[in-house]
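Notes for the structure review
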Amino acid sequence: MKLSAPSALQNRGPILESLRATFRDSSLEELPLSPVRALEIASGTGEHALHFADSFPGLVWQPSEVSPQLVQSIAAHAREAIHQNVLQPLHLNILDPDATIGKLKDMEFQFIFCSNMFQVCERHAPDCFFKVCDAVLSHELGSKVFLYGPYLQGEKSAASNLQFHRLLQSRDETTGVHELDHIVEVAAQHGFPNREVTQMPTDNFFLSFSRE
Ligand SMILES: C[S@@+](CC[C@H](N)C(=O)[O-])C[C@H]1O[C@@H](n2cnc3c(N)ncnc32)[C@H](O)[C@@H]1O
């Protein structure tokens, strides 16, 4: 059954603009000779996957999720893709990076996208995520990892992000909003030292990482 998330419908426009700015040089709005593959971790309802795949016909979008119910929703949205460029969703648990890498064996991606997952996972999720990225992201120039979501910035943290962090921790102290500097550090440890940080609406960030 197709599910819907109001937040995904709200933020997909600004995220699309950030992706468009990055993809502008790669002619992804046309149809390249060989498809460019994007992996999405924690695709949620599948609405992001559908929106971005519809917007970039040159991409083949591989969604994934840990929740079986959401895997079904993603599959239902994927069937509506205008260019038929959303693959069947994979069941992936990022907290088990070795199994995830095993399931993605023989696949290589030019882009990896993940939105709003870290804060709902256990604290070591960024480490697991970038381990997977290092294993499956192509070494071709221009390959990138994109993250979208709220992050803390020490004393400069937005009040709304601090409030969100406290709310998440009051429900489950193993979760919570991460410090942006921590994400940057973990990315560099896994071989992604180059990053661009873009401030987005409602105190969110769009982060782009690449290899040296
Ligand atoms: C706040 S939702 C965001 C969903 C979607 N990316 C979006 O922005 O609308 C967090 C998502 O992370 C997924 N998730 C939680 N733990 C996960 C894990 N260990 N591995 C993969 N996905 C996970 C949840 O199932 C959920 O869909």
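Just above, that's the structure.
Residues numbered from 1 in each chain as written. Predicted model: local features only at pLDDT ≥ 70, side-chain atom pairs only at ≥ 80, totals over all residues.

1. Concerning the site of the ligand
- As a matter of local geometry, the ligand sits amid 21 residues, with A8, A42, G44, V66 and S115 nearest to it.
- When the residues that make up the shell around the ligand are grouped by side-chain class, the tally is twelve nonpolar, eight polar and one charged. (Near = placed C-beta within 6 Å. Nonpolar A, V, L, I, M, F, W, Y, C, P; charged D, E, K, R; others polar.)

2. A look at the nonpolar core
- Of all hydrophobic cores here, the largest spans 53 residues; its most connected members are W61, I112, F129 and C133.
- Top element by residues in this core is helix 5 (residues 125-136). It accounts for seven residues.
- Apart from the residues within four sequence positions on either side, W61 is in contact with A38, E40, A49, F52, A53, N85, V86 and L87. (Core = buried A, V, L, I, M, F, W, Y, C linked by C-beta atoms within 7 Å. Buried ≥ 20, exposed ≤ 12 C-beta atoms within 10 Å, placed from the backbone. Helix = DSSP H or I, 4+ residues; strand = E, 2+ residues; numbered from the N terminus. Contact = placed C-beta atoms within 7 Å.)

3. Digging into the sheet that holds strand 8 (residues 204-210)
- Spatially, the six strands line up as an open sheet ordered 2-1-5-6-8-7, and their pairing is mixed. Each edge of the open sheet carries a strand with a single partner, namely strand 2 (59-62) and strand 7 (194-200). On average, each strand axis in the sheet is tilted by 20 degrees relative to the strand beside it, whichever way the strands run.
- Relative to strand 8, strand 7 runs antiparallel, the two sharing seven bridges. Note that in strand 8 the partner of M200 across the bridge is N204.
- Across the face of the sheet, helix 2 (residues 47-55) comes into contact with strand 1 (36-41), strand 2 and strand 5 (111-115) while running at roughly 170 degrees to strand 2. (Pairing = 2+ DSSP bridges. Axes fitted to C-alpha atoms, helices over the stretch in contact; angles between N-to-C directions.)

4. As for helix 5
- Taking 1.5 Å of rise per residue, twelve residues should cover 16 Å, and helix 5 covers 17 Å from first to last C-alpha, within 8% of that figure.
- In terms of burial, helix 5 is a largely internal element, nine of the twelve residues being buried.
- By the burial criterion, the buried members of helix 5 are A125, P126, C128, F129, F130, K131, V132, C133 and V136.
- Next to the buried residues of helix 5 lie strand 1, helix 4 (97-103), strand 5, strand 6 (144-150) and helix 7 (180-189). (Expected span 1.5 Å × (residues − 1).)

5. Brief notes about the packing of helix 5 against helix 7
- One way to put it is that helix 5 packs onto helix 7 with a least axis distance of 9 Å and a crossing angle of 35 degrees. Considering the relative orientation of helix 5 and helix 7, their crossing is right-handed. In this structure, helix 5 uses P126, D127 and F130 to contact helix 7, whose residues at the interface are I183, V186 and A187.
- Here the contact of helix 5 with helix 7 is built from residues that sort into five nonpolar, no polar and one charged. (Left-handed = near helix turned anticlockwise from the far one by under 90°.)

6. Quick notes on the packing of helix 1 (residues 6-23) against helix 2
- Contact geometry of helix 1 with helix 2 gives a least axis separation of 10 Å together with a crossing angle of 35 degrees. The handedness of the crossing between helix 1 and helix 2 is right-handed. Side by side, helix 1 and helix 2 meet where A8, L9, R12, L16 and L19 of the first sit next to E47, H48, H51, F52 and S55 of the second.
- Taken together, the residues that form the contact of helix 1 with helix 2 break down as five nonpolar, three polar and two charged.

7. So, unusual backbone geometry
- Here Q84, not a glycine, exhibits a phi torsion of approximately 55 degrees, which is positive.
- Inspection of the secondary structure assignment puts Q84 in the loop between helix 3 (68-78) and strand 4 (90-91).
- For Q84, a count of 12 C-beta atoms within 10 Å translates into the label exposed.

8. What about the pairing of strand 1?
- Counting buried residues in strand 1 gives five out of six residues, a clear majority hidden from the surface.
- The sheet contact formed by strand 1 and strand 2 spans four bridges and is parallel. Directly across from R37, in strand 2, lies its bridge partner V60.
- Regarding topology, helix 2 serves as the crossover connection from strand 1 to the parallel strand 2, and that connection is right-handed.
- Alignment of strand 1 against strand 5, held across four bridges, turns out to be parallel. Its bridge partner being in strand 5, L39 is matched across the sheet by I112. (Right-handed = clockwise from strand over helix to strand, strands pointing away.)

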